[in-house]
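# Breakdown of the fold
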Amino acid sequence: MLFRSLHFLAAIALSADAFVPKSTFVRPSKFALQASSKPLTELCEITKEACDVVAPLLKEMYSQIKIGTGTSDTALFKSDATFFTIADGIVQHMFIEYLFGGEKFHEIVGEEDDSIVNILETPYTVDSLVVPEEFEELISSTLENVKALASKIDQTAYSDMTIFVDPIDGTREFATGKGDKVTILVGYNDAEGIPAAGIIYRPLTEPAQWASGSKREEFTDGVLDLAVEPNPKGVLITDGKVSPFIKSTIENSGMNMVPSLASGNRVLMLVEGKAGAYIRDTGGFCKWDTSGPQAVLEAYGGVMAKLPEFLENKDMVSYTHLKTPLNLDFCKRSVGLTLSNARDKKMFIPGLDSIVTDVHLVKEYNCVQGLVALAPTKMETFYLNAIHSAMNNIKKESPPMYT
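Remember, predicted model here, so these are calculated numbers, not experimental data. (Residues numbered from 1 in each chain as written. Predicted model: local features only at pLDDT ≥ 70, side-chain atom pairs only at ≥ 80, totals over all residues. Heavy atoms only, no water.)

### Details of the sheet that holds strand β6 (residues 125-126)
Spatial strand order, β5-β6-β7: three strands in an open sheet with antiparallel pairing. Each end of this open sheet is capped by a strand with a single partner; those strands are β5 (117-118) and β7 (129-130). Bridge analysis of β6 against β7 gives two bridges, and the strand direction is antiparallel. Within β7, the position partnered with Thr125 by the bridge is Val130. (Pairing = 2+ DSSP bridges. Helix = DSSP H or I, 4+ residues; strand = E, 2+ residues; numbered from the N terminus.)

If you want it as structure tokens, here you go:
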């Protein structure tokens, strides 16, 4: 059931106020002092327009995507076993270089920052991949539309903000025919690295399903695929192995497992009422997966935070979303080295449990302190206490495995 969400729900806001992440209290940005303006709302609206502009390009590529590495012109494997597609590189390039480019923002971080993209001279290329000729006209017209939107962004209002962009969250899903789980994620973070506004956008559904918002400006908007039967006792689990900590927490709390794919899609599922919580101790996700989704979830009345502080005393502490050479949320002697979080993959030895003591060994943007994300329906004190109690009842026998 699709639902158009407009504006922030006051009742939800009141129930959520007591559980705002502690690190969200920061010095006011210069635009926050302009009481008559809504700069974050405006930014969300422009970003939504940009997502609308690139969606036809993504749909066309999705309809023709090939899977594999040998004979494929449009997909190959990343070294960490996730797909990298031409669509990833091109959409990020359009957003970072053209939509957000110039001096409008303090910093911009994208998942595919190492990609080399050429969409000015044919044949178009993304790294070593040559873009099939049939895409060229659509890419060219899409780029012109993105450039036109760039002129609508205020040149000075966001100069202290850092953007995190994931052009296609769920790249594996994109390349394997699960397009309804794919999202575009954009998050706008304040000078302290705390998400202030963002968007989660499913470009391959018909019509597009999305949610955007800024708690600070009491703004939400979106087209949601609301659950026919809400499942507030559902806990989203990944398509990978469920850790003993997560499994025991769910069983101890009387909740139920809800299979799910892709980070942005999972948070949108919380907003849509398809589950009440999304909890992780193991890693495999990064700050471009949390920046926009955290802003959206909090705008709708939920919360997203690191797991250790919640586990200790129910504190909600945000990850820090800033451009940096080192991981700003690294905690010595608590993080296990994995193929996913290792800066140098040769340092990872399969079968060997390695606890990291040197921040230089892990990637700078990996989320290495787990995650607790709660839907608006789970913000009441009773539910928070129940989840917290369930975790603490089992953590000695099944401690969290931070990676």
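There's more to say after this.
### Description of the pattern of salt bridges
Taken as a whole, this structure holds 13 salt bridges when the rule is applied. In this structure, Glu272 and Arg202 form a salt bridge, with 2.8 Å as the shortest nitrogen-oxygen distance. Of this pair, Glu272 sits in the loop between α7 (263-271) and β15 (277-280) while Arg202 sits in strand β10 (residues 195-202), and the two are 70 residues apart along the sequence. Of the two residues, Glu272 and Arg202, neither departs from the other in class, the shared state being buried. The partner of Lys287 in a salt bridge is Asp329, and the shortest N-O contact between them spans 2.6 Å. Taken together, the residues span a long stretch of sequence, with Lys287 in the loop between β15 and α8 (291-299) and Asp329 in the loop between α9 (307-313) and β17 (335-336) at a distance of 42 residues. Overlapping salt bridges bring together Arg202, Asp225, Glu272 and Lys274 as one network. (Salt bridge = Lys/Arg side-chain N within 4 Å of Asp/Glu carboxyl O. Buried < 20%, exposed > 50% of the residue type's maximum accessible area, 1.4 Å probe, protein only.)

### Concerning the packing of aromatic side chains
Taken as a whole and assessed by the stated rule, the structure comprises nine aromatic pairs. On the basis of an interplanar angle of 55° and a centroid distance of 5.5 Å, the ring pair of Tyr62 and Phe174 is categorised as tilted. Residue Tyr62 is found in helix α2 (residues 39-64), and its partner Phe174 is found in helix α5 (residues 171-175); the two are separated by 112 residues along the sequence. With relative accessibility at 23%, the residue Tyr62 sits in the partly exposed group. Relative to Tyr158, the ring of Phe105 has its centre 5.6 Å away and its plane inclined at 15°; by these criteria the two rings are stacked. In this pair, Phe105 sits in the loop between α3 (86-99) and β4 (107-110) while Tyr158 sits in the loop between α4 (136-150) and β8 (162-169), placing the two residues 53 residues apart along the sequence. We note that Phe105, like Tyr158, is buried. By the ring-pair criterion, three or more aromatic residues cluster together here, those being Phe95, Phe100, Phe105, Tyr158 and Tyr188. (Phe/Tyr/Trp six-rings, centres within 6.5 Å; stacked < 30°, edge-to-face > 60°.)

### Topic: the sheet that holds strand β13 (residues 234-237)
Sheet architecture is open: five strands sit in the order β14-β13-β15-β19-β16, paired in mixed fashion. Two strands in the sheet have a free side with no partner beyond their single neighbour: β14 (256-259) and β16 (303-305). In this sheet, adjacent strand axes meet at a mean angle of 25° when their direction is disregarded. Looking at chain direction, β16 and strand β19 (residues 371-374) are connected through three bridges and run antiparallel. In the strand pairing of β19, Ala305 is matched with Val372. Set on the sheet, helix α6 (residues 244-253) makes contact with β13, β14 and β15; between it and β14 the angle comes to about 130°. (Axes fitted to C-alpha atoms, helices over the stretch in contact; angles between N-to-C directions. Contact = heavy atoms within 4.5 Å.)

### Things to note about the confidence of the model for the chain
For the chain, the mean per-residue pLDDT works out to 87, and 86% of the residues sit at or above 70. Within the model, pLDDT remains below 50 along residues 7-36, and this stretch shows 55 contacts once partners closer than five positions in the same chain are excluded. (pLDDT = per-residue confidence, 0-100.)

### Quick word on the nonpolar core
Soluble globular proteins: nonpolar side chains tend toward being buried together. Of all hydrophobic cores here, the largest spans 55 residues; its most connected members are Ile90, Met94, Phe95, Phe100 and Ile139. Elements with a minimum of two residues in this core: α2, α3, α4, β8, β9 (183-189), β10 and β12 (219-225). In terms of residue count, the dominant contributor to this core is α2 (12 residues). Not counting residues within four places of it along the chain, the set of residues in contact with Ile90 comprises Leu57, Met61, Val117, Ile119, Val126, Val131 and Ile139. Core analysis: the second largest hydrophobic core is formed by 23 residues, Ile200, Tyr278, Tyr300 and Leu371 among them. (Core = buried A, V, L, I, M, F, W, Y, C linked by side-chain atoms within 4.5 Å.)

### Examining α6
Within α6, the full set of buried residues consists of Phe245, Ile246, Ser248, Thr249 and Ile250. Buried residues along α6 sit against β13, β14, β15, α9 and α10 (381-394). Looking one or two places after α6, you find Gly254, whose phi comes out positive at around 75°.

### Structural notes on the side chain of Thr249
In this fold, Thr249 is placed in helix α6. Ignoring any residue separated from it by four or fewer positions in sequence, one finds Thr249 in contact with Ala390, Met391 and Ile394.

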